[in-house]
Amino acid sequence: MEEVDVEPTVTNIPALRRGTHMGFAWGPGNIFVYETVFKAAGSGSPFIHEVRKDEDIYSPILRKLFNESHHIFVGLQTIREDLPSKNKKPQFVSISKNYRSVIRACMEELQQVSVLLQVSILLAIELIWNLCEVLFIDAAPAGSLLLHLLDWVRLHKADVDEKARDVLQSDSPAEHRDYWDVVVSYVLQGRLDEARQMLVKQATLMPAAKNIYKMMDNLLSKMPFYNPGGTQTLTEFDVKWRHWHEDVDRCLQDNSFASNKHLEVICKILLGDEDTLLEHKDLLGTWYHFLVTRLLFCHPTVKPTELHYYAQSCMTMFLDSRSAPEPLDSILLAAFEFDIHQVIKDCSIALNNWWFVAHLTDLLDHCKLLQSHNLHLWQLAVDYFDHCLEFGRVYLELQIERVPLDTERKALKVLRICEQRQMSEQVRSICKIMIMAMRALRNNRLGSALSWSIRAKDAAFATLISERFLQDYCAKGTFSDLDLIDNLGPAMLLSDRLTFLGKYREFHKLYGEKRFKEAAKLLLSLMTAKIAPRSFWMTLLTDALPLLEQKEVIFSADQTYELMFCLEELTSSLNTPSPDSDKSMQEEDVELTKVELLRLALSRNLAMAIVKEGTVET
């Protein structure tokens, strides 16, 4: 007989209390226990007791859950394998929602009959399933991801709606003891329109404070939310959000809400102030609500691959350091780390039946999400090697080098393991293999390719990709992957070409912000400091044309002379015939036309600059 790793539960049988001799017989999964006539005066008792190993499946409500989910399961098996994945994804999301709908209906029925233990288990199941749906099945990208997480939190933190009903049904809502809790809770969940409606009630009672309430209403109404179906790009949304965030910060720095502590708290929440958020633990309730609120007000364009950093830090900040995380916390954290295998494993241990694990695993398998885990044993080997004191490190290094990096996500997981163990050589070699980067480059995913080359500190490859970015710009007139280029930071020093790419993008930002003098100075320095490749000088000089034609003099006389020198240096090389030049006559004519326009614009600007500078000196 199979050994169990926990003590079996004790089942009380009433007849045993009377000291009656009992007999038993095995049934189909259960035991029938009965009283016998042995060692007893008189005839035996007619009572038969059935000892069941699992009461859940005999609950009429739970049996309804099992029956209805069976129909969904059968429907899932009929989806054709040969359909394109883009056609199947909406079907999988719909099936996931159907499963959750059945769970929620069952939960509501159990609440009506006050079966609280089963309700709490189903609540946890639905919470986990919903998060898996967002992260794995729907696989929401940056921008949309936060919107889905907000819906997830709102669905599972519904007590604010009950409080709001009590407040609104009272004689004076604005004076109700829970009024400000409701307003703050709405803000924490990003339900800003509802928060504004509640604030109107307070504003009408305080006409003297009308202006600050109007100011807060303005901030709440202008907070941008990403619209996946709209025309606005994620970068444009991010710029708009940052401008709004600066407005909120300005209001706080100006002490605009100093006269009203409640509005000042809301202002700090809108800024994502961690201390203020943690002061409202009672309204947040859980670390994952804190996580989503923090993302909303600090990192609204969070990418799926960044989630695990924020999740771990939020859980650490929110939970009491003296207490260990609950099983549910560990399951959710594994989901945020995109470790599907660990989610399934932890659910198998923590939950009291296999219904949830079986159906979720089946759905994930249909989504082809478990296939990348077929060779997951290398992850288990890592723990064993860690505890082999003599040769474990050596064997682990050899093992890591043999792990096939089939996907970017898997490569990131391998890198994280190496970084945690300070295996710097392996980090470098994994990145230098550049499986991901080369594949990204072939698929014209330049941002991903550049990211990998920076991580590998491979200057040659970074130079190659930077060249591709510049070629792409010349062809299209716009940069792709602006988020990455805008946030290169010290990484741009990896290669001269990458430095130029970062600085050239900075020139475009300055020009877009109408900071023309700074843009002109940067543009000139790119050529005079020889940062820009000679092949790109004509593009830079062409970029100078709009600045030269401004009504205000942007380039000084000295700067104009330097531009003229650069132009002459460039034209001298253009006039020198090259035997391997493949330019057509038409292209050469275009080049010469550009040169003539530039000479004319530079001459005009020089005259204006000399007049202006002479006038100023006089």
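Small disclaimer: the values here were computed from a predicted structure and weren't measured.

## Let's talk about the overall build of the protein
Helix and strand counts for the protein come out as 30 helices and three strands. When burial is assessed residue by residue, the protein has 44% of its 618 residues classed as buried. A fraction of 62% describes how many contacts in the protein between residues 6 or more apart in sequence connect residues 24 or more apart. Carbon and sulfur atoms make up 54% of the accessible area of the protein, which totals about 34,500 Å².

## Remarks on the side chain of Asp 329
Residue position: Asp 329 is located in helix H15 (residues 327-336). This buried residue, Asp 329, is left without a salt bridge; Lys 281 holds the nearest opposite charge, at 12 Å. In this structure Asp 329 touches Trp 287, Met 315 and Leu 319, once residues within four positions along its chain are discounted.

## A word on a nonpolar patch on the surface
Together, Phe 391, Val 394, Tyr 395 and Leu 398 make up a nonpolar patch on the protein surface, roughly 370 Å² of accessible area in all. Inspection of the secondary structure puts Leu 398 in helix H19 (residues 392-401). Of the residues examined, Leu 398 reaches a relative accessible area of 40% and is grouped as partly exposed.

## Details of the packing of helix H6 (residues 179-188) against helix H10 (residues 261-270)
Interhelical geometry of H6 versus H10 gives an angle of 15 degrees and a closest axis separation of 10 Å. One element, H6, and the other, H10, form an angle in the roughly parallel class. H10 is crossed by H6, and the crossing has right-handed handedness. Within the contact between the two elements, H6 uses Trp 180, Val 183, Val 184, Val 187 and Leu 188 and H10 uses His 262, Leu 263, Ile 266, Ile 269 and Leu 270. A per-class count over the contact of H6 with H10 returns nine nonpolar, one polar and no charged.

## Details of empty space enclosed by the protein
Applying the stated criterion across every chain yields a total of two cavities of 30 Å³ or more. When its volume is computed, the second largest cavity comes out at roughly 60 Å³. Taken together, Gly 143, Leu 146, Leu 147, Met 223, Pro 224, Phe 225, Tyr 226, Phe 237, Trp 241, Leu 296 and Pro 300 make up the full set of residues lining the second largest cavity. Across the lining of the second largest cavity, the residue classes break down as 10 nonpolar, one polar and no charged.

## A word on the state of the cysteines
With the rule as written, the count across this model stands at zero disulfides. Not engaged in a disulfide, the cysteine Cys 267 finds its nearest cysteine sulfur in Cys 251; these two sulfurs lie 5.9 Å apart. Accessibility expressed as a relative area gives 0% for Cys 267, which makes it buried. Looking at the unpaired Cys 298, the closest cysteine sulfur is the one in Cys 314, lying at 9.0 Å.

## Considering the packing of helix H14 (residues 307-318) against H15
Packing of H14 against H15 leaves a shortest axis separation of 8 Å and a crossing angle of 155 degrees. The orientation of H14 with respect to H15, classified from their angle, is roughly antiparallel. For the pair H14 and H15, contact is made by Leu 307, His 308, Ala 311, Gln 312 and Met 315 and by Asp 329, Leu 333 and Phe 336, respectively. Of the residues assigned to the contact of H14 with H15, the class counts are five nonpolar, two polar and one charged.

## Some points on the pattern of salt bridges
Under the defined criterion, the tally for this structure stands at 23 salt bridges. Glu 126 is the salt-bridge partner of Arg 100, the closest N and O atoms lying 2.9 Å from each other. One end of the pair, Arg 100, is in helix H2 (residues 85-112); the other, Glu 126, is in helix H3 (residues 116-137), and 26 residues separate them in sequence. Taking relative accessible area as the criterion, Arg 100 reaches 12% and is therefore assigned buried. With a shortest N-O distance of 3.2 Å, Glu 568 and Arg 599 are connected by a salt bridge.

## Observations concerning helix H16 (residues 340-350)
Within H16 the residues assigned to the buried category are Ile 340, Val 343, Ile 344, Asp 346 and Cys 347. Structurally, H16 contributes buried residues whose contacts are with H3, H15 and helix H17 (355-366).

## Re the confidence of the model for the protein
Per-residue pLDDT for the protein averages 80, and the proportion of residues at 70 or more is 79%. For the protein, strand E3 (residues 48-51) is the element with the lowest average pLDDT, namely 51, and helix H13 (residues 287-298) is the one with the highest, namely 93. Below pLDDT 50 for its whole length, residues 1-6 participates in zero contacts with residues either more than four positions away or in separate chains.

## Section: the nonpolar core
One recurring pattern in soluble globular proteins: nonpolar side chains tend to sit buried together. In this structure, Leu 135, Leu 149, Trp 152, Trp 287, Phe 336 and Phe 356 are the most contacted members of the largest nonpolar core, which totals 112 residues. The element best represented in this core is H3, accounting for 13 residues. What Trp 152 contacts, discounting residues up to four positions off in sequence, is Leu 127, Asn 130, Leu 131, Tyr 288, Val 292, Leu 332 and Phe 336. Grouped together as the second largest cluster of nonpolar side chains are 46 residues, Phe 469, Leu 498, Phe 536 and Ile 554 included.

## Side note on the side chain of His 176
Among the secondary structure elements, His 176 is positioned in the loop between helix H5 (159-169) and H6. There is a polar contact of 3.0 Å between the side chain of His 176 and the backbone nitrogen of Asp 178. In this structure, His 176 is in contact with Asp 166, Val 167 and Ser 170, ignoring residues within four places of it in sequence.

## So, the packing of aromatic side chains
All chains considered together, the criterion is met by 20 aromatic pairs. Plain terms: the ring middles of Tyr 99 and Trp 129 are 4.9 Å apart, the flat faces sit at 45 degrees to each other, and that makes the pair tilted. Of this pair, Tyr 99 sits in helix H2 while Trp 129 sits in helix H3, and the two are 30 residues apart along the sequence. Comparing Tyr 99 with Trp 129, the two get one shared label, buried. Here the aromatic rings of Trp 152 and Tyr 288 are separated by 5.3 Å at their centres, their planes lie at 40 degrees, and the arrangement is tilted. Of the two residues, Trp 152 sits in helix H4 (residues 144-156) while Tyr 288 sits in helix H13, which places them 136 residues apart along the sequence. With a relative accessible area of 12%, Tyr 288 lands in the buried category. In this structure, Lys 281 packs its charged tip against the face of Phe 318, placed 5.2 Å from the ring centre.

So, how was this worked out
Every chain is numbered independently, its residues counted from 1 as its sequence is written. In view of the model being predicted, local features appear only for residues whose pLDDT reaches at least 70, and side-chain atom pairs are presented and counted only at 80 or more, with totals across whole chains, interfaces and linings using the full set of residues. Note that the side-chain values use all heavy atoms of the structure and ignore hydrogens as well as water. Think of it this way: any DSSP run of H or I at least four residues long counts as a helix, any run of E at least two long counts as a strand, and we number them from the N terminus. Under the scheme applied here, a residue whose accessible area is under 20% of the maximum for its type counts as buried, over 50% as exposed, and between as partly exposed, the area being computed with a 1.4 Å probe on protein chains only. What makes two residues a contact is simply this: any of their non-hydrogen atoms within 4.5 Å. Note on areas: Shrake-Rupley with a 1.4 Å probe; residue coverage comes only from the protein chains shown. All tallies of charge rest on Lys and Arg as positive and Asp and Glu as negative; His and the ends of each chain are not included. By definition here, a salt bridge exists when the distance from a side-chain nitrogen of Lys or Arg to a carboxyl oxygen of Asp or Glu is within 4 Å. Each patch is built from salt-bridge-free residues with over 30% relative accessible area, joining like charges within 9 Å and nonpolar side chains (Val, Leu, Ile, Met, Phe, Trp, Tyr) within 5 Å. Axis definition: a line fitted to C-alpha atoms, over the contacting stretch in the case of helices. Angles run 0 to 180 degrees between N-to-C directions. Oblique is the label for any angle not under 35 degrees, not over 145, and not in the 65 to 115 range, which are roughly parallel, roughly antiparallel and roughly perpendicular in turn. For a crossing to be left-handed, the near helix must be turned anticlockwise from the far one by less than a right angle; the clockwise case is right-handed. Amino acid classes used here: Ala, Val, Leu, Ile, Met, Phe, Trp, Tyr, Cys and Pro are nonpolar; Asp, Glu, Lys and Arg are charged; the rest, including Gly, are polar. Using only the protein atoms, space was sampled on a 1 Å grid; points where a 1.4 Å probe fits but cannot get out form cavities, open sets with protein on both sides within 12 Å along at least five of seven lines form pockets, and lining residues are those with an atom within 4 Å of a point. Grid points are joined across faces, edges and corners, and a volume is the space filled by probe spheres set on the points. Counting rule for disulfides: a pair of cysteine sulfur atoms within 2.5 Å. Here pLDDT means the predictor's own confidence in every residue, given as a number from 0 to 100. Take the buried Ala, Val, Leu, Ile, Met, Phe, Trp, Tyr and Cys residues and link them wherever side-chain atoms come within 4.5 Å; each set so joined is a nonpolar core. Polar contacts, as used here, are pairs of N or O atoms within 3.5 Å; protein pairs need one atom able to donate a hydrogen and one able to accept it. Residues neighboring in sequence count only if both atoms are side-chain atoms. Each aromatic pair joins two rings of Phe, Tyr and Trp (for Trp, the six-membered one) with centres within 6.5 Å, and gets the label stacked for planes under 30 degrees apart, edge-to-face for over 60, and tilted for any other angle. Charge-over-ring contacts are defined here by two conditions on Lys NZ or Arg CZ: a distance within 6 Å of the ring centre and an angle within 35 degrees of the ring normal.

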